[in-house]
Amino acid sequence: MNIDEPGARIHSTDPFAVPDAGKSPVRRLRGRFAAPVTIWTTPGPSGLTVSSTVVADGDPGRILGLIDEESDFWDAAARAGRFAVVPLTPADRQLADRFAGLMPSPGGLFAIGEWQQTPYGPVPAGAAAWAGCRLESNRECGWALLVEGVIESMALPGDSAPLVHYRGRYTELTA
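Along each chain, the written sequence defines residue order, and numbers are assigned to residues from 1. Totals for whole chains, interfaces and linings use all residues, but because this is a predicted model, local features are given only for residues with pLDDT of at least 70 and pairs of side-chain atoms are given and counted only at 80 or more. As a rule here, side-chain values come from all non-hydrogen atoms in the structure, and water together with hydrogens is ignored.

1. Section: the sheet that holds strand β5 (residues 62-67)
Move 1: Note: two strands are recorded as paired if DSSP finds a minimum of 2 bridges between them. A run of DSSP states H or I qualifies as a helix once it reaches four residues; a run of E qualifies as a strand once it reaches two. Both are numbered from the N-terminal end. Taken together, the 7 strands give an open sheet; going across it, the order is β3-β2-β6-β9-β10-β5-β4, and neighbouring strands pair in antiparallel fashion. The open sheet has two free edges, formed respectively by β3 (46-50) and β4 (53-56), since each of these has just one partner strand. For this sheet, the mean angle separating the axes of adjacent strands, direction not counted, is 30°.
Move 2: Lying over the sheet, helix α2 (residues 72-80) contacts β2 (38-42), β3, β5, β6 (82-87), β9 (130-141) and β10 (144-155), oriented at roughly 50° with respect to β2. With axes taken as lines fitted to C-alpha atoms, and helix axes fitted only over the stretch in contact, angles between N-to-C directions fall between 0 and 180 degrees. Note on contacts: a residue pair qualifies if any of its non-hydrogen atoms lie within 4.5 Å across the two residues.

2. Structural notes on the sheet that holds strand β1 (residues 35-36)
Move 1: The strand order across the open sheet formed by 3 strands is β1-β11-β12, and the pairing between neighbours is antiparallel. Each edge of the sheet is formed by a strand with only one pairing partner; in this case those strands are β1 and β12 (169-172).
Move 2: Across 2 bridges, β1 lies against strand β11 (residues 163-166) in antiparallel orientation. Paired with Ala35 across the bridge in β11 is His165.

3. Looking at the environment of Arg28
Move 1: Mapping Arg28 onto the fold places it in helix α1 (residues 25-30).
Move 2: Only protein chains enter the area calculation, which uses a 1.4 Å probe; residues under 20% of their type maximum are buried, those over 50% are exposed, and those in between are partly exposed. The exposure class of Arg28 is partly exposed, given its relative accessible area of 35%.
Move 3: Expressed as a C-alpha distance, the spacing of Arg28 and Gly168, which sit 140 residues apart in the sequence, is 9.7 Å.

4. Considering the nonpolar core
Move 1: Joining through side-chain atoms within 4.5 Å is the link that ties buried Ala, Val, Leu, Ile, Met, Phe, Trp, Tyr and Cys residues into a set, and such a set is a nonpolar core. Ranked by size, the top nonpolar core spans 16 residues in total, and within it Trp40, Ile63, Ile67, Phe73, Trp74, Phe83 and Val147 carry the most contacts.
Move 2: For this core, the elements supplying multiple residues, two or more each, are β3, β5, α2, β6, β9 and β10.
Move 3: Not counting the four nearest positions on each side in its chain, Ile67 is found in contact with Trp40, Leu48, Val50, Phe73, Trp74, Ala144, Leu145 and Val147.
Move 4: With 15 residues, the next largest nonpolar core counts Val37, Leu88, Phe110 and Tyr120 among its residues.

5. Here's the deal with a negative patch on the surface
Move 1: By definition, no residue in a patch forms a salt bridge, and every one has over 30% relative accessible area; like charges are joined within 9 Å, nonpolar side chains (Val, Leu, Ile, Met, Phe, Trp, Tyr) within 5 Å. A 1.4 Å probe and the Shrake-Rupley method give the accessible areas. Residues count as covered only by the protein chains that appear here. Salt bridge, as applied in this entry: a Lys or Arg side-chain nitrogen positioned within 4 Å of an Asp or Glu carboxyl oxygen. The sign given to each residue is positive for Lys and Arg and negative for Asp and Glu; His and the chain ends receive no count. All charge positions are set by atom: Lys at NZ, Arg at CZ, Asp at CG, Glu at CD. Taken together, the side chains of Asp68, Glu69, Glu70 and Glu140 make up a negatively charged region of the molecular surface.
Move 2: Secondary-structure assignment places Glu140 in strand β9.
Move 3: What makes Glu140 exposed here is its relative accessible area of 60%.

6. So, the packing of aromatic side chains
Move 1: When the centres of two rings from Phe, Tyr and Trp lie within 6.5 Å, Trp using its six-membered ring, the rings pair. Their planes under 30 degrees apart give stacked, over 60 give edge-to-face, and anything left gives tilted. All told, the structure shown has 5 aromatic pairs when counted by the stated rule.
Move 2: Between Trp40 and Phe83 the ring centres are 4.8 Å apart and the planes differ by 10°, which places this aromatic pair in the stacked class. A residue pair is termed long-range when its members are at least 10 positions apart, and Trp40 in strand β2 and Phe83 in strand β6 qualify at 43 residues.
Move 3: Measuring from ring centre to ring centre gives 5.3 Å for Phe99 and Phe110, while their planes differ by 85°; the resulting arrangement is edge-to-face. Of this pair, Phe99 sits in helix α3 (residues 93-99) while Phe110 sits in the loop between α3 and β7 (115-116), placing them 11 residues apart in sequence. Accessibility assignment for this pair places Phe99 and Phe110 in one class, buried.
Move 4: Among the aromatic residues, those joined into a ring-pair cluster are Trp40, Phe73 and Phe83.

Rendered as structure tokens:
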């Protein structure tokens, strides 16, 4: 293959990324906050990578996230009234990209890997943690929906370092 052919190069950065100068100040500020990378799944099945997730302790505990209102995930979650949230690990980078629509997913999002079926949505087999949530509410928040779920079920079988999104890239925490 001739290296000068279109598509013959693999970029180390996203060639379609908006340069900082072209981003709004709010978007640039958001990029300076480290955020956990999670996938949200729902019966249907459907799923989405979400890096704007907050867990609120209480009785009951709650999970909040900013979700794209036009996503297939939101349509399915609104119909089902429930969803699962899975914090990802550094080994899950390709899974995060697939659910974010950045990587091809021949056969669908759930065609690759092993999945445990739950009443809240599929969860990757061997996930270090996940929560099953009942959809409580949603409202517009900026250009997204602020979705709130009540935690009804939880599994914490393992402990693993989180995959983190920071300044437009995945990174991991080191101890």
